[in-house]
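Here's the letter readout for the chains.
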Amino acid sequence: VAVLLLFLRLLGLPHVSAPPARWRAARLLGTVLVLAAAVLHGVEQGRWLEEYAPGVAERVKREVVLVPALYQALLASGLALICEGCRARRRLPPDASEVDAAIVPRSRGSLGVVLPAGQAEEV
């Protein structure tokens, strides 16, 4: 958790505006990194790969400092990329109205819900 918070702080959060829409693709990379951390943790702590690749499993279990640091770094950076990808601006379809364009960038406290044109937001 500390590595994740430091990584997010290095990105300048919470004082930065939302990343551009192309950052939404970072969610996929973040998911891959989180899955890689889970697999590495499973090999080190569990009995993963002991039957199919015993040499790899033994090598991973011997590295008592490097492997935990690696899977924690993978987990922290993966979660940071997922968070940043979710914060990124949404792309508007070409036929979006001006009302949609005003609502989608999300005002403070909004959930980014796009209302049909002409419908007022109830408070």
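Refer to the structure above for everything that follows.
Cut-off values and rules
Residues numbered from 1 in each chain as written. Predicted model: local features only at pLDDT ≥ 70, side-chain atom pairs only at ≥ 80, totals over all residues. Heavy atoms only, no water. Helix = DSSP H or I, 4+ residues; strand = E, 2+ residues; numbered from the N terminus. Buried < 20%, exposed > 50% of the residue type's maximum accessible area, 1.4 Å probe, protein only. Contact = heavy atoms within 4.5 Å. Lys, Arg positive; Asp, Glu negative; His and termini not counted. Salt bridge = Lys/Arg side-chain N within 4 Å of Asp/Glu carboxyl O. Polar contact = N/O pair within 3.5 Å; in protein donor to acceptor, adjacent residues only side chain to side chain. Patch = residues over 30% accessible without salt bridge, like charges linked within 9 Å, V, L, I, M, F, W, Y side chains within 5 Å. Areas by Shrake-Rupley, 256 points an atom, 1.4 Å probe, with all protein chains shown as cover.

Asker: Where do I start with the environment of L4 in this structure?
Answerer: Its place among the elements puts L4 in helix α1 (residues 2-10). For L4, a relative accessible area of 18% gives the class buried. The residues touching L4, leaving out its near neighbours within four places in the chain, are A76, L79 and A80.

Asker: Looking at this model, I keep getting lost on the side chain of R24. Mind explaining?
Answerer: If you trace the backbone, R24 turns up in the loop between α1 and α2 (26-45). For the buried R24, which has no salt bridge, the nearest side chain bearing the opposite charge is E84, at an N-O separation of 11 Å. A distance of 3.3 Å separates a polar side-chain atom of R24 from the backbone oxygen of A88. Apart from residues lying up to four places away in sequence, R24 is in contact with G85, C86, A88, R89 and R90.

Asker: Any chance you could explain a nonpolar patch on the surface here in plain terms?
Answerer: On the surface, a cluster of nonpolar side chains totalling about 530 Å² of accessible area is made up of V39, W48, L49, Y52 and V56. Structurally, V56 is set in helix α3 (residues 54-62).

Asker: Sorry, what's going on with the pattern of salt bridges here?
Answerer: A side chain with one charge may pair with a side chain of the opposite charge, provided their charged atoms come close. Evaluation of the coordinates by the stated rule reveals four salt bridges. E50 serves as the salt-bridge partner of K61, at 2.4 Å between the closest nitrogen and oxygen. With K61 in helix α3 and E50 in the loop between α2 and α3, the pair connects residues that are eleven residues apart, well separated along the chain. Residue R59 is joined to E63 by a salt bridge in which the shortest nitrogen-to-oxygen separation is 3.9 Å. In this structure, a network of salt bridges that share partners links the residues R47, E50 and K61.

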